[in-house]
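# Working through the structure, step by step
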Amino acid sequence: MEQNILLKVSNISKTYKIRKGEWVKAVDDISFSVKKGEIFGLLGPNGAGKTTTVKMICALIRGDSGEILVNGINNVKKRTKALRSISAVLEGNRNIYWRLTVRENLEFFAALKGKNPQKIKDKIDYYIDFFNLREKEKVTASNLSRGMQQKLAIATALVSGTEIILLDEPTLGLDVKASYEIRDLLKRIAKENGTTIIITTHDMSVVQEICERVIIINNGAIIAEDRVENLMKLFDTKSYRFVVEGKLTSQQEELFEKIDQVVAVEKNSKTEITFNSADTSLFYQIIEVLKAENSIIESISQKEVNFEKVFMEIIEEGDKNGKNSAVV
Ligand SMILES: Nc1ncnc2c1ncn2[C@@H]1O[C@H](COP(=O)(O)OP(=O)(O)OP(=O)(O)O)[C@@H](O)[C@H]1O
Ligand SMILES: [Mg+2]
């Protein structure tokens, strides 16, 4: 086994039967590996096959073909042993026991992963406080708000300290503060404890902030796989925006018209000049043109490429190339 690879997914496929004679290929020959301590994103539009992949990793559903090794252990053939190193928060609200209290849930799930709840009392208390659930410690899960239930679900996954944590849409339904705190927490446990975190999310700011590497799935197949910073670089055409007081002179207009990447638009007695290019000499050229006629520059701003844009471009590119249709 390659060093440090904690999860190895090889050529997995899954077909669901919808009704007689009609099938959907939810996962179509997907392979990837995740290293120890890595925060790995599993991305893709609705129906791409993310949750199906997550469920296959947790051995909750059987695939048609392929193999998944957790720490080198086959998750179907040696299910119990393999699953000892995985905690998961799945999509939806069935991750916790409704009739158990907050504390009981934490104790129960830790025990499921072989931890003695008494011995990790401090850790349980830590997560109760971290997720702001102290007041609700003795309240049954069914009586928590939706966001609190989600926090408890994440806490139950974290408290057992397994090597791999799978989170399907963890920040969905959380308030802004909690969402930010969880990002920090995940980064910290990956770094400090070497925990491997696999996350699916539609929140691209979460991806940009915490994921090191991602795969993007569409119609059950991988259409991109790389480090987030590399994918960002692919679309790194810098974009600048100048706001100038008043109108441009006709000479300035003429000069700008000659440059393809530059667009000048008049707006409320101001002129907005934008240009999309990584070419910095063009930036100085614009300044020169403005300076020559003593134009007053009110502001210059730079628009950074963000991961949301990168994601959209990759999906659109895949669709254009007619990447496989999901229905077989
Ligand atoms: N139990 C099921 N029976 C039949 N079809 C299913 C079942 N579960 C998922 N599918 C289908 O498999 C495909 C992939 O679904 P999946 O839930 O894995 O997508 P996803 O990437 O998690 O999407 P989302 O972002 O909406 O959560 C979809 O076409 C879905 O309709
Ligand atoms: Mg899903």
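A quick note: this is a predicted structure, and the numbers were derived from the prediction, not measured.

This next bit is on the overall build of the protein chain. Regarding its fold elements, the protein chain presents 11 helices and 14 strands. Rg of the C-alpha trace for the protein chain: 25 Å, well past the compact-globule value of 20 Å for 328 residues, more than 25% over. In terms of its C-alpha atoms, the protein chain occupies a principal-axis envelope of roughly 75 × 50 × 40 Å. Of the contacts formed within the protein chain by residues at least 6 apart in sequence, a portion of 71% connects residues at least 24 apart.

The full set close to ligand 1 counts 14 residues, and Tyr 16, Ala 26, Lys 50, Thr 51 and Thr 52 are the nearest of them. Sorting the residues of the shell around ligand 1 by element identifies strand S1 (5–19), strand S2 (22–35) and helix H1 (50–57) as the ones contributing at least two each. Looking at the shell around ligand 1, the element that brings in the most residues is H1, giving 3 residues. Grouping the amino acids of the shell around ligand 1 by side-chain chemistry returns 6 nonpolar, 6 polar and 2 charged.

Glancing now at the sheet that holds strand S5 (residues 73–74). On the basis of which strands lie adjacent, the open sheet formed by 4 strands has the order S2-S1-S4-S5 and antiparallel pairing. Each edge of the open sheet is held by one strand with a lone partner, namely S2 and S5. Of the strand pairs in this sheet, S1 and strand S4 (residues 65–70) are connected by 5 bridges, and their pairing is antiparallel. Residue pairing across strands places Ser 10 opposite Glu 67, the latter belonging to S4.

Our focus in this paragraph is the nonpolar core. Leu 166 and Ile 197 are the most contacted members of the largest nonpolar core, which totals 71 residues. Among the elements that take part in this core, helix H5 (residues 146–159) stands out by supplying 8 residues, more than any other. Ignoring any residue separated from it by four or fewer positions in sequence, one finds Ile 197 in contact with Ile 39, Phe 40, Ile 165, Leu 167, Leu 186 and Ala 190. Counting residues in each nonpolar core, the second largest holds 10 residues, with Phe 242, Leu 255, Ala 264 and Val 289 among its members.

Right, let's get into the sheet that holds strand S12 (residues 262–267). The antiparallel open sheet is built from 4 strands, whose spatial order is S12-S13-S11-S14. Here the strands that pair on one side only, and so sit at the sheet edges, are S12 and strand S14 (297–303). When the angles between neighbouring strand axes are averaged without regard to direction, this sheet yields 15°. Strand direction decides the pairing type here: strand S11 (residues 239–245) and S14, joined by 6 bridges, are antiparallel. Its bridge partner lying in S14, Tyr 240 is registered against Gln 302.

This part covers the domain arrangement of the protein chain. As a measure of interface size, the accessible area lost when the parts come together is often cited. Here the protein chain is described as being made up of domain 1 (5–233) and domain 2 (237–303). Taken over C-alpha atoms, the centre of domain 1 sits 47 Å from the centre of domain 2.

Let us look at unusual backbone geometry. Excluding glycine, residues mostly carry a negative phi; peptide bonds, for their part, are mostly trans. Of note in the backbone geometry, Ala 59 takes a positive phi value of approximately 55° without being a glycine. Looking at Ala 59, the number of C-beta atoms within 10 Å reads 20, which means it is buried. Positioned with a positive phi, Ser 269 is a non-glycine residue whose angle comes to about 55°. Here Ser 269 lies in the loop between S12 and strand S13 (270–276). Exposure remark for Ser 269: the 8 C-beta atoms within 10 Å place this residue in the exposed category.

Bridge analysis of S12 against S13 gives 6 bridges, and the strand direction is antiparallel. Opposite Glu 266, over in S13, you have Thr 271 as the bridge partner. Counted between consecutive antiparallel strands, the loop separating S12 from S13 contains 2 residues, among which Asn 268 sits at a positive phi close to 40°.

Time to look at the confidence of the model for the protein chain. Summarising the model, the protein chain shows a mean pLDDT of 91, and 97% of its residues fall at 70 or more. Note that residues 324–328 has pLDDT below 50 and, in this model, 11 contacts with residues that lie over four places away or in other chains.

Quick notes on the rules
- Every chain begins its residue count from 1, and numbering advances along the sequence as written.
- Throughout, the order in which chains and ligands are written sets their labels, letters from A for the former and numbers from 1 for the latter.
- Selection of residues for local features in this predicted model requires a pLDDT of at least 70, selection of side-chain atom pairs for listing and counting requires 80 or more, and totals for whole chains, interfaces and linings are taken over all residues.
- Strands are runs of DSSP state E lasting at least two residues, helices are runs of H or I lasting at least four, and both sets are numbered from the N terminus onward.
- The reference for a compact globule is 2.2 Å times residues^0.38; the radius of gyration itself is calculated from the C-alpha atoms.
- A residue pair is marked as a contact if its C-beta atoms, positioned from the backbone, fall within 7 Å.
- Throughout this description, a residue near a molecule or strand is one whose C-beta atom, derived from the backbone, lies within 6 Å of it.
- Note on residue classes: Ala, Val, Leu, Ile, Met, Phe, Trp, Tyr, Cys and Pro are nonpolar, Asp, Glu, Lys and Arg are charged, and everything else, Gly too, is polar.
- Two strands are counted as paired when DSSP detects at least two bridges linking them.
- Only buried Ala, Val, Leu, Ile, Met, Phe, Trp, Tyr and Cys residues enter a nonpolar core, and they are joined through C-beta atoms within 7 Å.
- Between the buried cut of 20 or more and the exposed cut of 12 or fewer other C-beta atoms within 10 Å of a residue's own C-beta lies the partly exposed class, and all C-beta atoms are placed from the backbone.
- To obtain each axis, a line is fitted to C-alpha atoms, and for helices this fit is confined to the stretch in contact; angles are then taken between N-to-C directions over 0 to 180 degrees.
- Domain delimitation follows an automatic or database domain assignment.
- As a per-residue quantity, pLDDT reports the predictor's confidence and falls between 0 and 100.

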